Amino acid sequence: VFDAKPVIMRAFQKAKALNPPGASKHGDDYIEHNEFRMLLVYLKHYMKLWEIFAKADDSDDRRLDKNEFAKVWPQVQSWAQGMTQDQCWKEVNGDGNLVLF
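Residues numbered from 1 in each chain as written. Predicted model: local features only at pLDDT ≥ 70, side-chain atom pairs only at ≥ 80, totals over all residues. Heavy atoms only, no water.

A few points about helix H1 (residues 5-16)
The terminal C-alpha atoms of H1 lie 16 Å apart, and with twelve residues this matches the ideal 16 Å at 1.5 Å per residue to within 8%. All of the buried residues in H1 are Pro6, Val7, Ala11, Ala15 and Lys16. Contacts from the buried residues of H1 go to helix H2 (33-56). (Helix = DSSP H or I, 4+ residues; strand = E, 2+ residues; numbered from the N terminus. Expected span 1.5 Å × (residues − 1). Buried < 20%, exposed > 50% of the residue type's maximum accessible area, 1.4 Å probe, protein only. Contact = heavy atoms within 4.5 Å.)

Observations regarding the nonpolar core
Grouped together as the largest cluster of nonpolar side chains are 16 residues, with contacts concentrated most on Phe69, Trp73, Val76 and Cys88. Among the secondary structure elements, those contributing two or more residues to this core are H2, helix H4 (73-77) and helix H5 (85-93). For this core, the element with the highest residue contribution is H2, accounting for four residues. Among all residues touching Val76, those that are not within four sequence positions of it are Ile52, Phe69 and Cys88. (Core = buried A, V, L, I, M, F, W, Y, C linked by side-chain atoms within 4.5 Å.)

Following this line, the structure appears as structure tokens:
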């Protein structure tokens, strides 16, 4: 949990982007009441991804190469139904050689 700052930041950014810019009473840098429930949902989903990502990241550099990605493919495959490992890698990564969390 103490190493989960990237999870918290991504969930926060995703939740606060739900309201259009300028629509928040307290400013765009705060989570409004209607965004809070989605913040919790995003935290749950990103934490699941973080757990899988952390298992595969042997070098602890918050980046996965194709070999590290292959180690966690069985867990990721349930989210990428109908895709091969190479198709998923290309979708997530584009033409690069690393996936960043």
